[in-house]
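For reference, the chains in residue letters:
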Amino acid sequence: MSEEAKKPNYSADSIQALEGMEHVRMRPSMYIGDVGVRGLHHLVYEVVDNSIDEAMAGHCDAVDVWINEDNSISVKDNGRGIPVGMHKKEGVSALEVVMTKIGAGGKFDKDSYKVSGGLHGVGVSVVNALSNHLKATVYRDGKIWEQEYEKGKPSYPVKTVGETDEKGTMVTFIPDDTIFQAEIDFNYETLSARMRELSFLNKGIKISITDKRSKDDEGNFIREDFHSTEGLKEFVRYLDATREQLTSDVISMEGEKNGIPVEVAMVYNTSYTENLHSYVNNINTHEGGTHLSGFRRGLTGTLKKYAESTGMLDKLKFEIAGDDFREGLTAIISVKVAEPQFEGQTKTKLGNREVTSAVSQAVSEMLTNYLEENPADAKTIVQKVILAAQARNAAKKAREMVQRKTVMSGGGLPGKLSDCAWSEPEKCEIFLVEGDSAGGTAKQGRDRNFQAILPLRGKILNVEKAMQHKVFENEEIKNMFTALGVTIGTEEDSKALNLEKLRYHKIVIMCDADVDGSHIATLILTFFFRYMKELIEEGYVYIAAPPLYLVKKGAKKEYAWNDEERDAIVEKFGGSAPIQRYKGLGEMNAEQLWDTTMNPEFRTMRLVTIDNSAEADRTFSMLMGDEVPPRREFIENNAVYANIDI
Ligand code: 0RA
């Protein structure tokens, strides 16, 4: 959609108010998803999205974000500034309407070209309703305008506070701690990852993020500046930084098909994993949808036709499947849809039918051109596809073996599994434990009614570097599939998961709290991320947190999970007390393991979540890939394993 063709004709009274701020405070999750850590960060995205919209409409090129010392957030852009004139219907300033009427901020009217508007498209008024304090400052027509709010209610009418030759909007807010369950403490990495993602998705915009709570070695605030000139092309290079590229450059296209703006970038690498990330209006569509189907259709159709035309497939004894075209492929698909229909469990699946053919056509054109112009790359790609097909045929047999075992429940359960007595998955937990000896302790310590133990021997296979058939042939991995009751693979999609027979709703990775233990936990997580991602997405996967220290004095004893806790206990015990450092689970007896790590009443487990899919993909390929230096750097910077929240 071109700027000129759809020039928005904004005026203060095109703003339509819909619903009350009170409702937002009563039912916050309806608007921002949840009131935990995720919802808290969504507030920032909501405000930033408004500025990105202003930039996408061609009115600004810079967005700056600050995490202030008090954990308030400021977002500033150099756009036109939210209108401050009188809103005819409401009888107050348009700024006040935008800030206090639900539904006013994003959707002005249908003529205004506006496709983004936050995860739920709710607008900045929702953020206002959920903030203890918010201040909006508008730089417009030579003046600085201001209004402040407490829990969404204006403290005074919009007023001028000075003169300026700048233009733009700045919003500063501090979330309401009576609404959020999570502590009001923003995670810099989470926010910066989203800003980086937004800069790739919206090339040309300069986005900065500054953390005023912490300084680097030189005494400057932690800060990053993102500015992508090549957009998705750069995004793909960033994601594949630690993978080996197979073709000479990233293949990309950008254009409009049937009135739908489509952008695609893709590259093949030497790995065996498929990495597709799709976006609609800057929102990551985890569950895919019609745009992703369009991509797959375009890719398969074009490559198949090309491969057939070269005769390279003539001697093949088996069919090439859709999957084979996507092994070792990293791709981003980004579309802008005026009225997106989101479906699926997490409302991240695009439903608009018309998008499939738009994306499919775009991909066909892009690829056809590329293959014609780069015959050497084209040959490399087809060879890669053929190899993938051969490997898949081998993998199919291995997978069917796993499947057969899994389906025969009871008799098929792995010998090493100590199952629990109860059979309701909602009540049951399985601990994946590193090593047979710790497995033995866990088996003695557990509540056998609802806790099952599966010991895993030594280092499990690094799935990041292994071909599919090796993965399905691996003993520990087969045991995990059969114990969990999960099956994998259908005719169309070799990695489709079936969770219907999942036997436990808590899957707990329990490893030593040392370097080897974290490595093993990371290997297991990598396996889940690449082969059973839905388990993570649906909140079934946890990491156990065994204590690091036992402080004893006479009959008194307490456990500590970090150095500060340890020091506080020593202090409490009178300044000196013997400390036992647990080097591994094996050093605890069954009772201690139960008390500290397994008993639901006292344990703390960390739920594994995926904040940002693309970033998580990059982290795993880096951690588990071939290149040692980036891995070392990551591990040094994240010395406490506890902090890789993928
Ligand atoms: C509607 C109309 C106009 C500006 C905006 C919205 C606007 C909203 C936000 C939110 C954050 N930054 C923003 N920048 C601009 C301007 C209408 C006009 O000047 O004609």
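Provided above is the structure to which this section pertains.
1. Things to note about the sheet that holds strand S21 (residues 506–510)
Note on sheets: strands pair through backbone hydrogen bonds, and any given pair is parallel or antiparallel. Strand order in this open sheet of five strands is S18-S17-S21-S22-S26, and the pairing throughout is mixed. Across the chains shown, the open sheet's two edge strands, defined by having one partner strand only, are strand S18 (451–456) and strand S26 (605–607). Across the sheet, the mean angle from the axis of one strand to that of its neighbour is 25°, orientation sign disregarded. Of the pairings in the sheet, the one linking strand S17 (residues 429–434) to S18 comprises six bridges and is parallel in character. Paired with Glu429 across the two strands is Gln451, which belongs to S18.

2. Observations concerning the packing of aromatic side chains
Tallying each qualifying case throughout the model produces eleven aromatic pairs. Ring centres of Phe527 and Tyr531 lie 6.0 Å apart, and the angle between their planes is 20°; on these two criteria the pair is classed as stacked. Taken as a pair, Phe527 and Tyr531 lie in helix H14 (residues 515–531) at a separation of four residues, close to a single helical turn. Residue classification places Tyr531 among the buried positions, given a relative accessible area of 4%. Grouped by ring-pair contacts, the aromatic residues Phe472, Phe481, Phe527, Phe528 and Tyr531 constitute a single cluster. A cation sits over an aromatic face here: Arg618 above Tyr238, 3.8 Å from the ring centre.

3. Focus: the pattern of salt bridges
Counting across every chain of the model gives 39 salt bridges. The salt bridge partner of Lys206 is Asp61, with a shortest N-O separation of 3.5 Å. One end of the pair, Lys206, is in strand S8 (residues 206–215); the other, Asp61, is in the loop between helix H3 (37–56) and strand S1 (62–67), and 145 residues separate them in sequence. The exposure class of Lys206 is partly exposed, given its relative accessible area of 39%.

4. With respect to the packing of helix H6 (residues 188–201) against helix H7 (residues 232–239)
Remark: H6 packs on H7, axes separated minimally by 7 Å, with the N-to-C direction vectors making an angle of 135°. One element, H6, and the other, H7, form an angle in the oblique class. Residue-level inspection shows Arg196, Glu197, Phe200 and Leu201 of H6 in contact with H7, the latter providing Leu232, Glu234, Phe235 and Tyr238. Here the residues of the contact of H6 with H7 sort into five nonpolar, no polar and three charged.

5. With respect to helix H11 (residues 436–445)
Within the sequence span of H11, burial applies to Ala438, Gly439, Thr441, Ala442 and Gly445. Along the axis of H11, the buried positions cluster into a sector of 160°, meaning they face one direction only. Facing away from the buried side of H11 by over 90 degrees, the exposed positions are Ser437 and Gln444. Where H11 is buried, its residues contact S17, S18, S21 and helix H17 (590–598).

6. Considering the nonpolar core
Counting residues in hydrophobic clusters, the biggest one holds 52 residues, and the most contacted among them are Ile430, Leu432, Met480, Leu484, Phe527, Phe528 and Leu535. The element that contributes the greatest number of residues to this core is H14, accounting for nine residues. When near neighbours in sequence (up to four residues on either side) are disregarded, Leu432 contacts Leu454, Leu456, Met480, Ile507, Val508, Ile509, Met510, Ile524 and Phe528. Formed by 50 residues, the second largest nonpolar core is a distinct cluster that contains Ala55, Val63, Val75 and Leu134.

7. Notes on the environment of Glu426
Among the secondary structure elements, Glu426 is positioned in the loop between helix H10 (375–407) and S17. Measuring from C-alpha to C-alpha, the distance between Glu426 and Phe450 comes to 9.7 Å, with 24 residues separating the pair along the chain.

8. Points about the packing of H11 against H17
It is at 8 Å that the axes of H11 and H17 come closest, and there the two elements cross at 80°. Comparing the axis directions of H11 and H17 gives the class roughly perpendicular. Counting all contacts with H11, which are made through Thr441, Ala442, Gln444 and Gly445, the residues of H17 involved are Ala590, Leu593, Trp594 and Met598. Classifying every residue of the contact of H11 with H17 by side-chain character gives five nonpolar, three polar and no charged.

About the cut-offs
Residues numbered from 1 in each chain as written. Predicted model: local features only at pLDDT ≥ 70, side-chain atom pairs only at ≥ 80, totals over all residues. Heavy atoms only, no water. Pairing = 2+ DSSP bridges. Helix = DSSP H or I, 4+ residues; strand = E, 2+ residues; numbered from the N terminus. Axes fitted to C-alpha atoms, helices over the stretch in contact; angles between N-to-C directions. Phe/Tyr/Trp six-rings, centres within 6.5 Å; stacked < 30°, edge-to-face > 60°. Buried < 20%, exposed > 50% of the residue type's maximum accessible area, 1.4 Å probe, protein only. Lys NZ or Arg CZ within 6 Å of the ring centre and 35° of its normal. Salt bridge = Lys/Arg side-chain N within 4 Å of Asp/Glu carboxyl O. Parallel < 35°, antiparallel > 145°, perpendicular 65-115°, else oblique. Contact = heavy atoms within 4.5 Å. Nonpolar A, V, L, I, M, F, W, Y, C, P; charged D, E, K, R; others polar. Arc of directions from axis to C-beta. Core = buried A, V, L, I, M, F, W, Y, C linked by side-chain atoms within 4.5 Å.

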